[in-house]
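Structural characterization, general
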Protein chains: 2
Amino acid sequence: MAPMFDKLALIGIGLIGASIALKARREGLARRIVAATRRQETADTANKLKLVDHCGTDLAAACEDADLVIVCTPVGACGEVAKIIAPKLKSGAILSEVGSVKQAVIRDMQPHVPAGVHFVPAHPIAGTEHSGPEAGFPELFEGRWAIVTPLPDGDGVAAEKVAEFWRRLGSMVEFMAPDWHDKVLGIVSHLPHLIAYTIVGTADDMAGERRSEVIKFAAGGFRDFTRIAASDPTMWRDVFLNNRDAVLEILGRFQEDLFYLQRAIRWGEGDKLFELFTRTRAIRRALIDMKQA
Amino acid sequence: MAPMFDKLALIGIGLIGASIALKARREGLARRIVAATRRQETADTANKLKLVDHCGTDLAAACEDADLVIVCTPVGACGEVAKIIAPKLKSGAILSEVGSVKQAVIRDMQPHVPAGVHFVPAHPIAGTEHSGPEAGFPELFEGRWAIVTPLPDGDGVAAEKVAEFWRRLGSMVEFMAPDWHDKVLGIVSHLPHLIAYTIVGTADDMAGERRSEVIKFAAGGFRDFTRIAASDPTMWRDVFLNNRDAVLEILGRFQEDLFYLQRAIRWGEGDKLFELFTRTRAIRRALIDMKQA
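Worth saying up front: this structure is predicted, and the values here are computed from it rather than measured. (Residues numbered from 1 in each chain as written. Chains lettered and ligands numbered in written order. Predicted model: local features only at pLDDT ≥ 70, side-chain atom pairs only at ≥ 80, totals over all residues. Heavy atoms only, no water.)

What about the interface of chain B and chain A?
Residue-level contacts link 94 residues of chain B with 94 residues of chain A. At the boundary of chain B with chain A, total buried surface from both sides reaches about 9100 Å², with 71% on carbon and sulfur atoms. Looking only at chain B, the three residues that lose the most surface to chain A are Met-206, Phe-217 and Arg-281 of chain B, adding up to 8% of its buried area. Across the chain B-chain A interface, the total number found is 12 salt bridges. A salt bridge links Arg-227 of chain B to Asp-224 of chain A, with the nearest nitrogen and oxygen atoms 2.9 Å apart. (Contact = heavy atoms within 4.5 Å. Buried area = accessible area lost by both parts, 1.4 Å probe. Salt bridge = Lys/Arg side-chain N within 4 Å of Asp/Glu carboxyl O.)

Below is the structure:
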């Protein structure tokens, strides 16, 4: 198949950027693939691993002549990156990104997007607890969802091109409005991560000097949380700060529900516990039926 | 190797009982293995699956002449079961159980244990989100911890026999005091389960009519919680009601920590988030170093 793009530029070359690079090259999606990242050390690693044709530290220079530019930095950096690279974006180029939050990223990036450049936000729901360029692997997006959130006044052809790019990376694609994306992801991803971070911290504090004992018996359920709570700190700090309203709303509901259970435990109301536990079991079954488990 | 016991009786034949039966037979740990369960339907299933030599519904009768009796019911039923089987326990027999809570189970069972019968509580930290006799498999305990919590005035030889039995089932064995067991398990297992149940319920409520969309994107973190929240409702209701004090204490700490993060998100205090997220990542590494991940 002919390459979709002549030049692909990745700004940021962590887990996501590196995985895009590896898979895009394997599939021949672009004739040239370059990357840029702020830290020299990261660029050196990317070059050593031969993730792209070249990785530098000049973000703007990397975007010159690129047909598709994908910003793969933590969401808190997206606005600043857009500002830096804007002067070098060529007319007709597509600018995309991969942030876990959409409304805030659009708010931060869009003002810098030059006329004639098509801005198409997207979000691959894929990742591991590892980060950095060494963590990338080409199969990361295989069978995972990528959500494309086109802007209301955006170019339909560019949006479809980004969608097709993600399909060729192995993803299933869904289009969604940015606000709805932020709500759904708040539920299925941001709240679970926040809870996992909290519980691992609480457990660690409580264990105190007998920490090794807690770690020893982690298979009892705790272990699943530690994996999630090992996700990239910078990425997740930015997610929570940038999807604040949705996260706080969901968190309020969660707290309410948790207090309800806490009270049921205190007063020995087993029926309330049993009722919820039966319902959540059914939800797992629905997930299995939809082949998402 | 010679069988450790002439007759092994399992009271309750769900995931744990069935897995003990299958592995004990495979290893030749007892000459005869019988089981009993209250529901005729469950007994029929156990017999159909040939899990044991015979499974009936008369709990006391099954214990006749048994050298080792293991109660494998939800912890809330342990006291009543002990009362029922006590008259048939032979002198010198070992009575054990597998509950996820130790203090409450000892409180409920011990008064019924006849003189001359050695009561040795134990807890295999192993399980899946499936339950019932069909869910059992002989490898369940392979490489997993089994905690034995001998009573202060209990028989040391009997305790060592129970420990050896679990080692032969494939487990690594640790001895622990019952109150410390309940605290550690509250942290590594009970709290994580309670949180998982809550979050899955909250997500389900919030999703409302767009439930299928939430399920679709569950890979974002939510999925890990649904597995835990699919665990047996009766078993877990009993765990929370019977480890109430430890769970409420841990839950209080968790709530405090969660409010701290909630406030940090509201006020945009990214450093507080980053600090915790960095710490929890290190905990995951410790887990990996201890080969528990």
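So, next bit.
Some details on the domain arrangement of chain A
All names here are of chain A. Segmenting chain A into domains produces domain 1 (5-177) and domain 2 (180-289). Between domain 1 and domain 2 lies a buried interface of about 1400 Å² when both sides are counted; carbon and sulfur atoms form 62% of it. Its largest share of buried area at the contact with domain 2, domain 1 owes to Ser-100, Val-101 and Glu-129, together 35% of the area lost on that side. For the interface between domain 1 and domain 2, the tally reads one salt bridge. One salt bridge connects Arg-227 with Glu-129, and the closest N-O pair in it is separated by 3.6 Å. The tally of links from domain 1 across to domain 2 stands at eight residue pairs in polar contact (both at pLDDT 80 or more). When residues in the side of domain 1 that touches domain 2 are grouped by element, the largest group, four residues, is from helix H5 (residues 103-109). Residue composition of the side of domain 1 that touches domain 2, by class: nine nonpolar, six polar and four charged. (Domains from an automatic or database assignment. Polar contact = N/O pair within 3.5 Å; in protein donor to acceptor, adjacent residues only side chain to side chain. Helix = DSSP H or I, 4+ residues; strand = E, 2+ residues; numbered from the N terminus. Nonpolar A, V, L, I, M, F, W, Y, C, P; charged D, E, K, R; others polar.)

Some points on the sheet that holds strand S2 (residues 30-36) of chain A
Residue and element names in this part refer to chain A. Taken together, eight strands build an open sheet; the order of strands is S3-S2-S1-S4-S5-S6-S7-S8 and the sheet is mixed. Every other strand in the sheet has two partners, leaving strand S3 (54-56) and strand S8 (172-175) as the edge strands with one partner each. The average undirected angle you get between the axes of adjacent strands in this sheet is 25°. Of the pairings in the sheet, the one linking strand S1 (residues 5-11) to S2 comprises six bridges and is parallel in character. Note that in S2 the partner of Leu-8 across the bridge is Ile-33. Along the sheet, helix H4 (residues 78-85) makes contact with S1, strand S4 (68-71) and strand S5 (94-97), crossing S4 at roughly 150°. (Pairing = 2+ DSSP bridges. Axes fitted to C-alpha atoms, helices over the stretch in contact; angles between N-to-C directions.)

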